[in-house]
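# Chains, contacts and geometry: an overview
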Amino acid sequence: MRPRLRGCLVGAVVAGGLFLVVTGGLFLAGVVTILPGVHEEPRPSANETGTGAEGPAERSAESPAEVVAERRLDERRMELTIRSDALGATTGVRLLLPRGWESRTGWPVLWLLHGGLDDHTSWTERTDVEALTRDTGVLVVMPDGGRCGSYSDWWNGGAGGPPRWRSYHLDELLPLLESRYRAGGRRAVAGYSMGGQGAMLYAAEGRFEAAASFSGALHILAPGVPQAVMAGTTIGCFGTDWKRVWGDPKAQRDVWRAHNPYDLAGRLKGVELYVSAGQGDIVEDLANRAARLFAGRLEELDIPVHTHFYQGGHRHVYWQRELHRVYPRLMNAIGAKPA
């Protein structure tokens, strides 16, 4: 491939990758393949075939989701396999239980959302979140958000239908956690990359007292970004129409705006907010630009936000550091105390 053409393709893929924001670089023959993903439907959880005690299938009276399997991996980690009406599939959730979890209900809750191409195990496998939260009385919830689910109910040509990630998380999983897993009503949410966008989208619905975005795509309609999304999706997501998620950015402009944290900034008044992004690679530089635009919009609206812009790439080592930085603020916002 000619060097100039290859550079254009790589740039399109990388720029598109910021938008649906994947977690990091996968390198093949020296070419970054950070790709947006809209081709993957919800997948069965690996927990369905794992070892360990599994609980019976049970559907909560408050939620249409059905718990297919429940496994206690160790003192703190619990794995759930859930059949979701909103997704039309089964999916996984990992919980980190606070010490003395069985002794009470109403635990403060921290939701941690993963980035693209990752899953519900990524936070515990790639960061020290278990150690960080060990001595805090907080229930940590790490749901699967799809390799490329975008924390959204997909437009699907205007027909709607699965996958509906937003509906699964907020209308099915959230009440299930409260009715069956001792979760309380005070919640914080944080996420990296695609999950950073999801954190702000969910906080804008009034369900969380605090929200933190690490390298998230917080302005998806910034100049040039929709075009990069189209190119990146076309190259990286063979077999799926890229418009399934939110439609065409011009014809379905309202749908895009409804999923753009920048446009929803006014709904974040009263939420403890934290936004961070680095500079050090092309994906992170784009995330940094989006984060600064979002923070600027909050400032225009006189909505307080704590920001941290630093030198560093689109990698878990920085997202772990950012979680440590904001953790006291998140816990204070939801009243979580030492266990």
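About the criteria used
- Residues numbered from 1 in each chain as written.
- Predicted model: local features only at pLDDT ≥ 70, side-chain atom pairs only at ≥ 80, totals over all residues.
- Heavy atoms only, no water.
- Core = buried A, V, L, I, M, F, W, Y, C linked by side-chain atoms within 4.5 Å.
- Buried < 20%, exposed > 50% of the residue type's maximum accessible area, 1.4 Å probe, protein only.
- Helix = DSSP H or I, 4+ residues; strand = E, 2+ residues; numbered from the N terminus.
- Contact = heavy atoms within 4.5 Å.
- pLDDT = per-residue confidence, 0-100.
- Phe/Tyr/Trp six-rings, centres within 6.5 Å; stacked < 30°, edge-to-face > 60°.
- Polar contact = N/O pair within 3.5 Å; in protein donor to acceptor, adjacent residues only side chain to side chain.
- Salt bridge = Lys/Arg side-chain N within 4 Å of Asp/Glu carboxyl O.
- Bend = angle between axes of the 7 residues up to and from the residue.
- Pairing = 2+ DSSP bridges.
- Right-handed = clockwise from strand over helix to strand, strands pointing away.

## Some points on the nonpolar core
Judged by nonpolar contacts, the single largest core of 57 residues is most densely connected at Leu95, Trp111, Leu139, Val141 and Tyr181. Looking at this core, the element that brings in the most residues is helix α4 (residues 165-180), giving 7 residues. Not counting the four nearest positions on each side in its chain, Leu95 is found in contact with Arg76, Arg77, Met78, Leu80, Leu139, Val140, Val141, Met142, Leu177 and Tyr181.

## Focus: the environment of Arg94
Mapping Arg94 onto the fold places it in strand β6 (residues 89-96). What makes Arg94 buried here is its relative accessible area of 7%. Sequence-wise, Arg94 and Asp119 are 25 residues apart; in three dimensions their C-alpha atoms are separated by 9.8 Å. Apart from the residues lying within four places of it in its own chain, the contact partners of Arg94 are Leu73, Arg77, Met78, Glu79, His120, Thr121, Thr124, Glu125, Val140, Val141 and Met142.

## Focus: the confidence of the model for the chain
Taken residue by residue, the chain gives an average pLDDT of 83. The fraction at 70 or more is 77%. Counting interchain partners and residues more than four positions distant, the pLDDT-below-50 stretch residues 1-54 has 141 contacts.

## Details of the packing of aromatic side chains
Enumeration according to the criterion identifies 8 aromatic pairs in this entry. Aromatic side chains Phe214 and Tyr274 sit 6.2 Å apart centroid to centroid with 75° between the ring planes, which places their arrangement in the edge-to-face category. Of the two residues, Phe214 sits in strand β10 (residues 210-214) while Tyr274 sits in strand β11 (residues 272-279), which places them 60 residues apart along the sequence. Exposure class is identical for Phe214 and Tyr274. Each is buried.

## Remarks on the side chain of His120
Among the secondary structure elements, His120 is positioned in the loop between β7 (107-113) and α2 (122-126). Owing to a relative accessible area of 8%, His120 belongs among the buried residues under this scheme. There is a polar contact of 3.5 Å between the side chain of His120 and the side chain of Glu79.

## Notes on the pattern of salt bridges
Counted under the stated rule, the structure contains 15 salt bridges. A salt bridge links Glu322 to Arg321; the shortest N-O distance between them is 3.5 Å. For Glu322, a relative accessible area of 0% gives the class buried. The class of Arg321 is partly exposed, set by a relative accessible area of 34%.

## A short note on α4
If you look at α4, its biggest bend is around 35°, right at Leu173, and the proline Pro175 turns up within four residues after that. With respect to burial, α4 is a largely interior element, 12 of its 16 residues being buried. Of the residues trailing α4, Arg182 is marked for its positive phi of about 65°.

## Examining the pairing of strand β12 (residues 306-311)
Side-chain direction in a regular strand flips from residue to residue, so the side chains alternate between the two faces of the sheet. With 6 bridges joining them, β11 and β12 adopt parallel strand pairing. Following the sheet pairing, Gln279 is matched in β12 by Gln311. Between the parallel elements β11 and β12, the chain passes through helix α8 (residues 282-300) in a crossover that is right-handed.

## Structural notes on the pairing of strand β4 (residues 66-72)
The buried count for β4 comes to 5 of 7 residues, which makes it a mostly enclosed element. Where β4 meets strand β5 (residues 77-84), 6 bridges bridge the pair, whose relative direction is antiparallel. If you follow Glu70 over to β5, its bridge partner there is Leu80. Turn length for the β4-β5 hairpin, with the two strands adjacent in sequence and antiparallel, is 4 residues.

## Some points on the environment of Ser122
One can find Ser122 in helix α2. Those residues in contact with Ser122 that lie beyond four places of it in its chain are Thr127 and Tyr192. A polar contact of 3.1 Å, which involves the side chain of Ser122, links it to the backbone nitrogen of Asp119.

## Quick look at unusual backbone geometry
Cis peptide bonds are those with omega within 30 degrees of zero, and the linkage from Pro162 to Pro163 qualifies with -5°. Turning to its location among the elements, Pro163 is positioned in the loop between β8 (139-143) and α4. At Arg182, a residue that is not glycine, the phi angle is positive and equals roughly 65°. Within the secondary structure layout, Arg182 lies in the loop between α4 and β9 (183-192). With a phi angle near 60°, Asp302 is a residue other than glycine that sits in the positive phi range. The class for Asp302 is exposed, based on a relative accessible area of 64%.

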